[in-house]
Protein chains: 2
Amino acid sequence: MSRYFMELAYRGTNYCGWQIQPNSVSVQEKLQQALTAILTQTIDVTGAGRTDAGVHAAYMVAHFDTDAFFNCSELTKRLNRFLPGDIVILSITEVDSESHSRFSAISRSYEYRITTKKNPFLLQLAHRVTYCPDFDAMNHAATHLLQHSDFTSFSKLHTDVKNNLCTITRSIWEPRGVEWIFRIEANRFLRNMVRAITGTLLDVGRGKITIEHFNEIIIAKDRSLAGTSAPAQGLYLVDIKYPDTIFKK
Amino acid sequence: MSRYFMELAYRGTNYCGWQIQPNSVSVQEKLQQALTAILTQTIDVTGAGRTDAGVHAAYMVAHFDTDAFFNCSELTKRLNRFLPGDIVILSITEVDSESHSRFSAISRSYEYRITTKKNPFLLQLAHRVTYCPDFDAMNHAATHLLQHSDFTSFSKLHTDVKNNLCTITRSIWEPRGVEWIFRIEANRFLRNMVRAITGTLLDVGRGKITIEHFNEIIIAKDRSLAGTSAPAQGLYLVDIKYPDTIFKK
């Protein structure tokens, strides 16, 4: 058996998310069906993480094991012809059998895209706000995330993780064209974390809470204090880093 | 009665095109319904031109007449709340009653967007080709368009226009991010013209015809010699110019 890492991207609009769920269409299921059909053997696909319904991935990594023989570049092409237009395989690479798309990852990056103007070409691809947020204040508040490690306040309740500790290494708002982008990088993310953080930062941006209050919410470790999660369509998984020894991009 | 110019944009994917047609949903119909509902009087909307099903407009102008009183900026906001997410009103301006969105226009510009890679975020927003076109050759061929004025070879047959003469003032392929963009500007365009030109330029790009052959197709004034029209989803109306005296952008 050999292990393969797959780099891919998808538009999340028409999926219930990454993970297989009964009676709905997931990205994981589409990939398993495609690989199983092409390699003519049952293939299980393990992702580097999960994305919720409607969340996009400009960059995602998943792995699978098989004893089938194939040319990686040829298989990439065949998969892209088989898969629908909203899922694309960027590459397939054989890796060490110890490498794991999820457990070997050392960091993940997300972007959250905001537009303040109605834009027909960003429909389902960015979150449109009808007010003009104070992005300077949001940027200031965002830097506070770098000074903390327990993000219980921004995690979904009752998840199966042992602790809510994350090391955030980047947290910044930047303009890009007609949009504002929140970029956040960490060794790990809790469920719903980026959307809860973004929603609470937007509360800072419209003056509902102060920058100090935002900092206090982090310290309180209480989900009920944070703001409403920002909607799925603005969120993009954009990068996953691995040690150079196991998987060189 | 006063006349108003409306600047707008729309994503054409879910429409049968600009023009009202029985049993299908058009952009013109959506605008008339919205204006009629908000101004509580029947409003007819006249567009600067037509776009076919699936064709987008990053910039379009339409006019309407009414004796209703309103604040243009307020009406713009109300229309944007009323209209679906894939149609946006950019502005409303009162103009001279002689001004006409179609007949007063002095030039129109289109873009045709091509991607050579499968990209989930350009689905319905660009035309994906599975080969690597020779954009240098296409650009060279495109310059020939500037030297001719009769474009019968790129017009739909049996249209109601008196002649097929157009003055093309810009015709160039340019890279933009992961895409290639064909930019074309003219005083007027014939039905299906940009898609027919783009499809024929793509024939040059994949070596099916030579640059010289492309030039001969123009000279022949025979639609049957040109290539297949490029698909609707790559085409964008991007600009319409008017004399400064009647409508200043």
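Residues numbered from 1 in each chain as written. Chains lettered and ligands numbered in written order. Predicted model: local features only at pLDDT ≥ 70, side-chain atom pairs only at ≥ 80, totals over all residues. Heavy atoms only, no water.

**Quick notes on the overall build of chain A**
For the record, the criterion: Helical segments are the DSSP runs of H or I of at least four residues, strand segments are the runs of E of at least two, and each set is numbered from the N terminus. We compute the radius of gyration from the C-alpha atoms alone; for a globule the expected value is 2.2 Å times N to the 0.38, where N is the number of residues. In this scheme, a residue with accessible area under 20% of its type's maximum is buried, one over 50% is exposed, and one in between is partly exposed, where area comes from a 1.4 Å probe on protein chains only. It only takes one pair of heavy atoms within 4.5 Å for two residues to be counted as in contact. Only the protein chains shown count as covering a residue, and every accessible area follows the Shrake-Rupley method with a 1.4 Å probe.
The secondary structure content of chain A amounts to 5 helices and 9 strands. For 249 residues, the compact-globule estimate of 2.2 N^0.38 gives 18 Å, and the C-alpha radius of gyration of chain A, at 19 Å, lies within 12% of that figure. Counting across all 249 residues of chain A, residues that qualify as buried make up 54%. Residue pairs in contact within chain A that sit at least 24 positions apart in sequence constitute 71% of those at least 6 positions apart. Carbon and sulfur atoms provide 49% of the accessible area of chain A, an area that totals close to 11500 Å².

**Let's talk about the relation of the copies chain A and chain B**
To be explicit about the condition: Least squares is used to superpose the copies, and the fit set is the C-alpha atoms of residues whose pLDDT is at least 70 in both copies.
Superposing chain A onto chain B requires a rotation of 180 degrees together with a translation of 0.0 Å along the rotation axis, leaving an RMSD of 0.0 Å. Here the two chains are linked by the operation of a two-fold rotation axis. The overlap is high: 100% of the interface residues of chain A also sit at the interface in chain B, so the same surface is used on both sides.

**Topic: the side chain of E111 of chain A**
All names here are of chain A. We apply this condition: Any N or O atom pair separated by 3.5 Å or less is treated as a polar contact, with the protein-specific requirement of one donor-capable and one acceptor-capable atom, and with residues adjacent in sequence counted only for side-chain atom pairs.
Here E111 lies in strand β5 (residues 107–115). Under the relative-accessibility criterion, E111 is labelled buried at 10%. A distance of 2.7 Å separates a polar atom in the side chain of E111 from a polar atom in the side chain of R183. With near-sequence residues (within four places) excluded, E111 lies in contact with R176, I181, F182, R183, G234, L235, Y236 and V238.

**Describing the packing of aromatic side chains**
To describe a pair of aromatic rings, you give the distance between the ring centres and the angle between the ring planes. Spelled out, the test is: Pairing of aromatic rings covers Phe, Tyr and Trp, the last counted by its six-membered ring, and requires centre-to-centre distances within 6.5 Å; plane angles under 30 degrees mean stacked, over 60 mean edge-to-face, and any other angle means tilted.
Tallying each qualifying case throughout the model produces 20 aromatic pairs over all chains. Their ring planes at 45 degrees and their centres at 4.7 Å tell us that Y4 of chain A and F70 of chain A sit as a pair that is tilted. Pair noted here: Y4 of chain A is in strand β1 (residues 2–10) and F70 of chain A is in the loop between β3 (56–66) and α2 (72–82), with a separation of 66 residues, a long-range link. A relative accessible area of 5% places Y4 of chain A in the buried class. Summarising the aromatic geometry, the rings of F135 of chain B and W180 of chain B are spaced 4.1 Å apart at their centres and angled 5 degrees between planes, so their arrangement reads as stacked. A residue pair is termed long-range when its members are at least 10 positions apart, and F135 of chain B in helix α3 (residues 135–144) and W180 of chain B in strand β8 (residues 179–186) qualify at 45 residues.

**As for the domain arrangement of chain A**
All names here are of chain A. Our working definition: The split of the chain into domains comes from an automatic or database domain assignment. Two parts placed together each lose some accessible area; with a 1.4 Å probe, that loss summed over both constitutes the buried area. By definition here, a salt bridge exists when the distance from a side-chain nitrogen of Lys or Arg to a carboxyl oxygen of Asp or Glu is within 4 Å. Any residue that is not Ala, Val, Leu, Ile, Met, Phe, Trp, Tyr, Cys, Pro, Asp, Glu, Lys or Arg is counted as polar, Gly included; the first ten are nonpolar and the last four charged.
What the domain assignment lists for chain A is domain 1 (2–103) and domain 2 (107–238). If you average the C-alpha positions of domain 1 and of domain 2, the two centres end up 27 Å apart. At the junction of the two partners, domain 1 supplies 15 residues and domain 2 supplies 14 residues. For the pair domain 1 and domain 2, the two sides together bury roughly 1100 Å², of which 48% comes from carbon and sulfur. Inspection of the region where domain 1 meets domain 2 yields 2 salt bridges. The residue D52 makes a salt bridge to R191 at a minimum N-O spacing of 3.5 Å. Where domain 1 meets domain 2, there are 9 residue pairs in polar contact (both at pLDDT 80 or more). Among the residues forming the side of domain 1 that touches domain 2, the class breakdown is 7 nonpolar, 4 polar and 4 charged.

**Some points on the environment of A57 of chain B**
All names here are of chain B. Within the secondary structure, A57 is located in strand β3 (residues 56–66). Taking relative accessible area as the criterion, A57 reaches 0% and is therefore assigned buried. Note: C-alpha distance between A57 and Y110 (53 residues apart in sequence) is 8.8 Å.

**Section: the confidence of the model for chain A**
The condition that has to hold: As a per-residue measure, pLDDT tells how confident the predictor is, with possible values from 0 to 100.
When pLDDT is averaged along chain A, the result is 95; 98% of the residues meet or exceed 70. This complex was scored by the predictor with a pTM of 0.92 and an ipTM of 0.90.

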